Amino acid sequence: MNVTDLGVMEFGAALALQERLVAEIVVGAGPETLLLLEHPPVYTIGSGGSGANLLDPTIEAVRINRGGDVTFHGAGQLVGYPLLKLGERSRDLHRYLRFLEELLILTVADFGARAWRVPGRTGIWTANGKLAAIGVGVRRWVTMHGFALNVNADLTPFSRINPCGIAGCPVTSLVRECGVEVPLVEVKKLIGERFGVVLEEWLPVENSFMTGSHCQMPRPGK
Amino acid sequence: MATEITMPKLSDTMTEGRLVSWKKSVGERVERGEIIAEVETDKANMELEAFSSGVLLETRITPGELAPVGTVIAIIGAEGEQVTALVPVAAKITEEMEPEAQPAAKAAAAEPISIVEPEKPQPSVQPVSREGFGAEKASPLVRRLAREMGIDLKEVKGSGPEGRVLKEDLERHEKQVKVEVKVEREARKVEPSVQPTVPQPLSRMRAAIARTVTTSWQTIPHFTVTVAIDMGEAEKLARGMKKAGTRVSLNDLLIKAVALALQKYPQLNASFTVDSIIIHPSINIGIAVSLDEGLLVPVIKGCEALSLKDIASQSRELISRARSGTINAAELSGGTFSISNLGMFGVDQFMAVIFPPQGAILAVGGVNDQPVVKKGEVVPARIMKATISADHRLIDGAMAARFMGELQKVLENPVAMLV
């Protein structure tokens, strides 16, 4: 898997980059890629999201083509944008969301935090609230946008919105869960290494010969 | 020829999708491959592209609305085309299907790619009127919609050309009727009425159960097969093992027996997908555990490789963790077959609902003393009734019967489980 560390990049610039890479992948001119980065502070809102979840009227949110409602990105939050050919990997959006959750649950577990899924509330959760948010867009079965994991992020900007459209939704971070400092670079490194492994386990590229009733295909965790 | 745009199925587990927005408006020209709408399922949005060129003739849902997978949400056809042709033959849109080239589309296709066709918004494309189709002027589509909504066209004031009834007129009419009904109800409210019912919000578990069983019941054609099993020998075995210091419940024997029967008939350890059958190499058996607020189904994984003792200890551990709320997502997922036991409630037999994407579930009742005839004599026996619910897309009656016969054989000769 092609993993690119973009460091800190403005949301708009990163969106333009995603758009360009997705266009290349759609026509078969580019490889599948995982972009890992941090954004300077910005609020974004999914295209189906409600402006009513911006509790502070002075906030401006970028409206984008992903699922989910409003969220916040800022320093200390690891953002991942997997650009994948889902058309060749199951064509199943729910399964893709469950895969992202699995990747995040395994990664935070390595730092000693226990997180889990909550059915109907995409993302990963702990007893203290939401640890990572997920919102995905798909164009011609190529994925864009992805996940945002609070590593050592300042959580106060979340109090000015209803994160993901859930009123009073508590938000937590890896540092808060572990009680010790967790360097973002380490989380980034681990998630970059693990991504391809979990991906192949959950969403292997389908072999067109492997169809029909004799096919034996394990489907982990479904 | 016009084509219908349907709510796409973007996941095996997707039953409905929400329309986020239309990227084209009615009357606007659409080229094959262009994005016409955005739909949402869970936290993922998909841009919906047109598989044929033409004019967007009609949209049937509005942003924010949910539509079941497969419902027609829009129609693309030739400019000014009568949507009449569509009504009897619902042309299902598929990726392979090339639209029959309309003159307009052909012209567009013939142009070099570098030339971008200017956008030609057509704010009001009305289907060409047809005379003598009834006293009220309306397209067949509007007629059909009116029928579906239970509206008499005579009562609707048309706002189209020559008093033609449009889709919007139907919607306006319906709203008006609703308001009238509401006013009527409010007027009645003056009288003291019964205590209002307070709706209880769904717990997360309730919502998850509701979603799962609805999907299952709506998509899986269930059928059931019941057998009566003499559990006398199995009970003896469990008692014997207990004396020898190994705690094994009848439930554990049941799990082991199911695992053995599934090894013989792997077709019951399978999932149905749109275009294939997946036979799971591993036997992961889910055990339905009832809780005050609902139920959880922890999964014992890899049962094909587990001894009766292993199954007993794992099942005890998982069930107690499910009851105490300390179970994690991994332990609740990955099941390939499930068992639900209501024997402890004095239930004789019942039918369970399949957990998608599994292909079958076994429902077992309690063990009761019943007279049976053995070698010409009436003797008491310990009878347990077991009912399998099977996905008929995967499993036929005879296959389910063979599986149940094998399960019966194993439980009535339980020594095989110790090997």
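Here, residues in each chain are numbered from 1, in the same order as that chain's written sequence. Labels are handed out in written order, letters beginning with A for the chains and numbers beginning with 1 for the ligands. In view of the model being predicted, local features appear only for residues whose pLDDT reaches at least 70, and side-chain atom pairs are presented and counted only at 80 or more, with totals across whole chains, interfaces and linings using the full set of residues. Hydrogens and water are ignored here; the side-chain numbers use all heavy atoms of the structure.

Trainee: Explanation requested: the packing of aromatic side chains in the structure shown.
Mentor: For any pair of aromatic rings, the description consists of the separation of the ring centres together with the inter-plane angle of the planes. Pairing of aromatic side chains requires ring centres within 6.5 Å, counting the rings of Phe and Tyr and the six-membered ring of Trp. Pairs whose planes differ by under 30 degrees are stacked, by over 60 edge-to-face, and all others tilted. For the structure on display, the rule yields 5 aromatic pairs over all chains. An aromatic cluster of three or more residues is present, and its members are A:Y43, A:F72 and A:F158.

Trainee: What's the story with the interface of chain A and chain B in this structure? I'm lost.
Mentor: Interface extent is often summarised as the accessible area lost during association of the parts. The criterion used for residue contact is that any of the two residues' heavy atoms lie within 4.5 Å. Each side of the interface is counted separately: chain A has 38 residues, and chain B has 35 residues. Simply put, the buried area is the total loss of 1.4 Å probe accessible area from both parts when two parts are fitted together. Interface of chain A and chain B: buried area, both sides summed, is about 3,100 Å²; carbon and sulfur atoms make up 51% of it. Salt bridge criterion: a side-chain nitrogen from Lys or Arg within 4 Å of a carboxyl oxygen from Asp or Glu. Where chain A packs against chain B, one counts 3 salt bridges. Residue B:E47 pairs with A:R139 through a salt bridge whose shortest N-O separation is 2.6 Å. Taken together, the elements giving at least two residues each to the side of chain A that touches chain B come down to α2 (93-110), β7 (116-118) and β9 (129-139) of chain A. Here a strand is any run of E in DSSP of at least two residues, a helix any run of H or I of at least four, and the numbering for each starts at the N terminus. At 7 residues, β9(A) tops the list of elements feeding residues into the side of chain A that touches chain B.

Trainee: Looking at this model, I keep getting lost on the sheet that holds strand β3 (residues 29-30) of chain B. Mind explaining?
Mentor: By definition, the strands of a sheet pair up through backbone hydrogen bonds, in either a parallel or an antiparallel sense. Residues and elements named next belong to chain B. Note on pairing: two strands pair once DSSP finds at least 2 bridges between them. One open sheet accounts for 4 strands, arranged β1-β8-β6-β3; its pairing is antiparallel. Pairing within the sheet leaves two strands with one partner each, and these edge strands are β1 (3-6) and β3. Here 4 bridges tie β1 to strand β8 (residues 72-77), and the two strands are oriented antiparallel to one another. By the bridge assignment, E4 is partnered in β8 with I75.

Trainee: When you look at the sheet that holds strand β17 (residues 360-374) of chain B in this model, what are you seeing that I'm missing?
Mentor: Residues and elements named next belong to chain B. Spatially, β9-β18-β17-β16-β12-β15 is the arrangement adopted by the 6 strands of the open sheet, whose pairing is mixed. Both outer strands of the open sheet, β9 (222-230) and β15 (299-300), are each paired with one neighbouring strand and no more. The sheet strands contacting helix α6 (residues 250-264) are β12 (285-287), β15, β16 (337-341), β17 and β18 (377-391), and the helix crosses β16 at an angle near 150 degrees. Axes here mean lines fitted to C-alpha atoms, for a helix over just the part in contact, with angles spanning 0 to 180 degrees between N-to-C directions.

Trainee: Would you take a moment to explain unusual backbone geometry for this structure?
Mentor: Of all residues except glycine, most have a negative phi; of all peptide bonds, most are trans. Following B:P356, the chain continues to B:P357 via a peptide bond in cis, the omega torsion being 0 degrees. Secondary-structure assignment places B:P357 in the loop between β16 and β17. Although it is not a glycine, A:S90 sits at a positive phi angle of roughly 90 degrees. For A:S90, the location among the structural elements is in the loop between β6 (77-83) and α2. In the Ramachandran plot, B:D42 falls in the positive-phi region, its phi being about 60 degrees despite a non-glycine side chain. Mapped onto the secondary structure, B:D42 falls in the loop between β4 (35-41) and β5 (44-49). Burial classes: relative accessible area under 20% of the type maximum marks a residue as buried, over 50% as exposed, and values in between as partly exposed (1.4 Å probe, protein chains only). Overall, the relative accessible area of 32% leaves B:D42 in the partly exposed class.

Trainee: Explain the nonpolar core to me, please; I cannot follow it from the model alone.
Mentor: By size, the foremost hydrophobic cluster in this structure holds 59 residues, and its most contacted members are B:L362, B:I388 and B:F403. With 8 residues, the top contributor of residues to this core is α6(B). Grouped together as the second largest cluster of nonpolar side chains are 57 residues, A:L78, B:M14, B:A44 and B:I61 included. Only buried Ala, Val, Leu, Ile, Met, Phe, Trp, Tyr and Cys residues count toward a nonpolar core, and they belong to the same one when joined by side-chain atoms within 4.5 Å.

Trainee: Where do I start with the confidence of the model for chain B in this structure?
Mentor: Fine structural detail should not be taken from predicted coordinates in areas where pLDDT scores are low. Confidence in the prediction for chain B averages 81 pLDDT; 82% of positions are at 70 or higher. For every residue, the predictor states its confidence as a pLDDT score lying anywhere from 0 to 100. Predicted confidence is poor over residues 84-134 of chain B, with pLDDT under 50, and the contacts of this stretch with residues over four places away or in other chains come to 72 contacts.

Trainee: Got a minute to help me understand the side chain of B:T387 in this structure?
Mentor: Residue and element names in this part refer to chain B. Tracing the chain through its elements places T387 in strand β18. Within the structure, the side chain of T387 is placed 3.0 Å from the side chain of T226, a separation counted as a polar contact. As used in this structure description, the phrase polar contact means that two N or O atoms lie within 3.5 Å; if the pair is within protein, one of them must be able to donate a hydrogen and the other to accept it, and residues adjacent in sequence are counted only when both atoms belong to side chains. Within the local environment of T387, its side chain forms a polar contact with the backbone oxygen of F350, the two atoms lying 3.4 Å apart. Non-local contacts of T387, meaning those with residues more than four positions away in its chain, are made with T224, V225, T226, Q349, F350, I361, L362, A363 and M404.

Trainee: How should the environment of B:S21 be read in this particular structure?
Mentor: Residue and element names in this part refer to chain B. Summarising the element assignment, S21 is placed in strand β2 (residues 16-22). According to the relative accessible area criterion, S21 is buried, its value standing at 17%. In this structure, the C-alpha to C-alpha distance between S21 and I36, residues 15 residues apart in sequence, is 8.7 Å. Apart from residues no more than four positions distant in its own chain, S21 is found in contact with I36, A37, E38 and P63.

Trainee: Any chance you could explain the pairing of β9(A) here in plain terms?
Mentor: A regular strand carries its side chains on alternate faces of the sheet. Of all 11 residues making up β9(A), 11 are buried, and the element is well covered by its neighbours. Summarising the sheet, strand β8 (residues 121-126) of chain A and β9(A) pair through 3 bridges and their orientation is antiparallel. Following the sheet pairing, A:T126 is matched in β9(A) by A:G129. Where β9(A) meets strand β10 (residues 142-150) of chain A, 8 bridges bridge the pair, whose relative direction is antiparallel. Residue pairing in the sheet places A:R139 in a bridge with A:V142 of β10(A). The antiparallel pairing of β9(A) with β10(A) creates a hairpin that spans 2 residues between the two strands, and A:R140 there sits at a positive phi of about 50 degrees. In this structure, β9(A) lies alongside β5(B), joined through 4 bridges in parallel fashion. Its bridge partner being in β5(B), A:V136 is matched across the sheet by B:A44.

Trainee: What's the story with the confidence of the model for chain A in this structure? I'm lost.
Mentor: Per-residue confidence for chain A gives a mean pLDDT of 87; residues scoring 70 or more make up 93%. Across residues 208-222 of chain A the pLDDT falls below 50, and counting only partners more than four positions away or on other chains, this stretch makes 32 contacts in the model.

Trainee: What am I meant to see in α2(A) here?
Mentor: Residues that lie three or four places apart on an α-helix share one face, since the helix turns once every 3.6 residues. Residue and element names in this part refer to chain A. Expected span, for any helix, means 1.5 Å times one less than how many residues it has. Its 18 residues give α2 an end-to-end C-alpha distance of 26 Å, which sits within 8% of 26 Å, the value for a rise of 1.5 Å per residue. Burial analysis of α2 places 14 of its 18 residues in the buried class, the great majority of the element. Of the residues trailing α2, G112 is marked for its positive phi of about 95 degrees.

Trainee: Whenever I open this one, helix α5 (residues 232-243) of chain B confuses me. Can you help?
Mentor: Residue and element names in this part refer to chain B. With 12 residues, α5 extends 17 Å between its outermost C-alpha atoms, agreeing within 8% with the 16 Å of an ideal straight helix rising 1.5 Å per residue. Summarising the contacts, the buried residues of α5 are in contact with β9, α6, α7 (308-324), β17, β18 and α9 (397-412). At the exit of α5 stands G245, carrying a positive phi of roughly 95 degrees.

Trainee: For this particular structure, what's the right way to read the pattern of salt bridges?
Mentor: Pairing is possible between side chains of opposite charge, provided their charged atoms come close. Residue and element names in this part refer to chain B. Evaluated as defined, the whole model comprises 28 salt bridges over all chains. Between K374 and D230 there is a salt bridge whose closest N-O contact spans 2.9 Å. A residue pair is termed long-range when its members are at least 10 positions apart, and K374 in strand β17 and D230 in strand β9 qualify at 144 residues. Judged by its relative accessible area of 15%, D230 falls in the buried class. Between E406 and K409 there is a salt bridge; the shortest N-O distance is 3.7 Å.

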